[in-house]
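Okay, here's what each chain looks like letter by letter:
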Amino acid sequence: QVQLVESGGGVVQAGGSLRLSCVVSGGTFSGYAMGWFRQAAGKEREFVAVISWSGSNTVYADSVKGRFTISRDNAKNTAYLQMNSLEPEDAAVYYCASGPPRILTNEDEYEYWGQGTQVTVSS
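Residues numbered from 1 in each chain as written. Predicted model: local features only at pLDDT ≥ 70, side-chain atom pairs only at ≥ 80, totals over all residues. Heavy atoms only, no water.

A. Highlighting the pairing of strand β11 (residues 117-122). Residue alternation in β11 divides its side chains into a buried set, Thr117, Val119 and Val121, and an unburied set, Gln118, Thr120 and Ser122. Taken together, the 4 bridges between strand β2 (residues 10-13) and β11 define a ladder with parallel strand orientation. The residue bridging glutamine 13 from the neighbouring strand is serine 122, located in β11. Of the pairings in the sheet, the one linking strand β9 (residues 92-99) to β11 comprises 3 bridges and is antiparallel in character. Across the sheet, the residue bridging to alanine 92 is valine 119, located in β11. (Buried < 20%, exposed > 50% of the residue type's maximum accessible area, 1.4 Å probe, protein only. Helix = DSSP H or I, 4+ residues; strand = E, 2+ residues; numbered from the N terminus. Pairing = 2+ DSSP bridges.)

B. Main features of the layout of surface pockets. In this structure, the largest pocket spans a volume of roughly 200 Å³. Lining of the largest pocket is provided by 14 residues; of these, Thr28, Phe29, Arg72, Asn74 and Asn77 occupy positions nearest its centre. Grouping the amino acids of the lining of the largest pocket by side-chain chemistry returns 6 nonpolar, 7 polar and 1 charged. (1 Å grid on protein atoms, 1.4 Å probe; cavity = no way out; pocket = protein on both sides within 12 Å on 5 of 7 lines; lining within 4 Å. Points joined across faces, edges and corners; volume = space filled by probe spheres on them. Nonpolar A, V, L, I, M, F, W, Y, C, P; charged D, E, K, R; others polar.)

C. Seen up close, the sheet that holds strand β8 (residues 78-83). One open sheet accounts for 4 strands, arranged β1-β3-β8-β7; its pairing is antiparallel. For this open sheet the edge positions go to β1 (3-7) and β7 (68-73), each flanked by a neighbour on one side alone. Taken pair by pair, the neighbouring strands of this sheet meet at an average axis angle of 15°, ignoring direction. In terms of strand pairing, β7 meets β8 through 6 bridges, oriented antiparallel. The partner of serine 71 across the bridge, within β8, is tyrosine 80. (Axes fitted to C-alpha atoms, helices over the stretch in contact; angles between N-to-C directions.)

D. Focus on the nonpolar core. In this structure, Trp36, Val48, Phe68, Leu81, Met83 and Tyr94 are the most contacted members of the largest nonpolar core, which totals 31 residues. Counting residues per element, the ones that place at least two in this core are β3 (18-25), β4 (33-39), β5 (46-51), β7, β8, β9 and β11. With residues up to four places along the chain from it excluded, the contact list for phenylalanine 68 reads Arg38, Val48, Tyr60, Leu81, Gln82, Met83, Asn84, Leu86, Asp90 and Tyr94. (Core = buried A, V, L, I, M, F, W, Y, C linked by side-chain atoms within 4.5 Å. Contact = heavy atoms within 4.5 Å.)

The following block contains the structure:
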């Protein structure tokens, strides 16, 4: 019954911004981290960012550091990914995930996944 639903994707010009949201329903998991991953066409899924349950600990992939910001609102069961200065290389399907990973950047350790939202960046 647990479900994660991403939204906020779309088409944006290079240099523009988008804000993605991920809403969790069907259960609450105190202490679970929330992560964002992305998969471009023809490529493997890769880590983007993760935030701890308290929000005090965040980790970013080097490729997005300084441009993307992850946050969460536990009262609303929602995580966010603010994406600024978007580049064509950022185009991908973005997925949110939740779980108690021991290694925060390892996608295999996340328990729940959303269906993904498409981000397209035009030049």
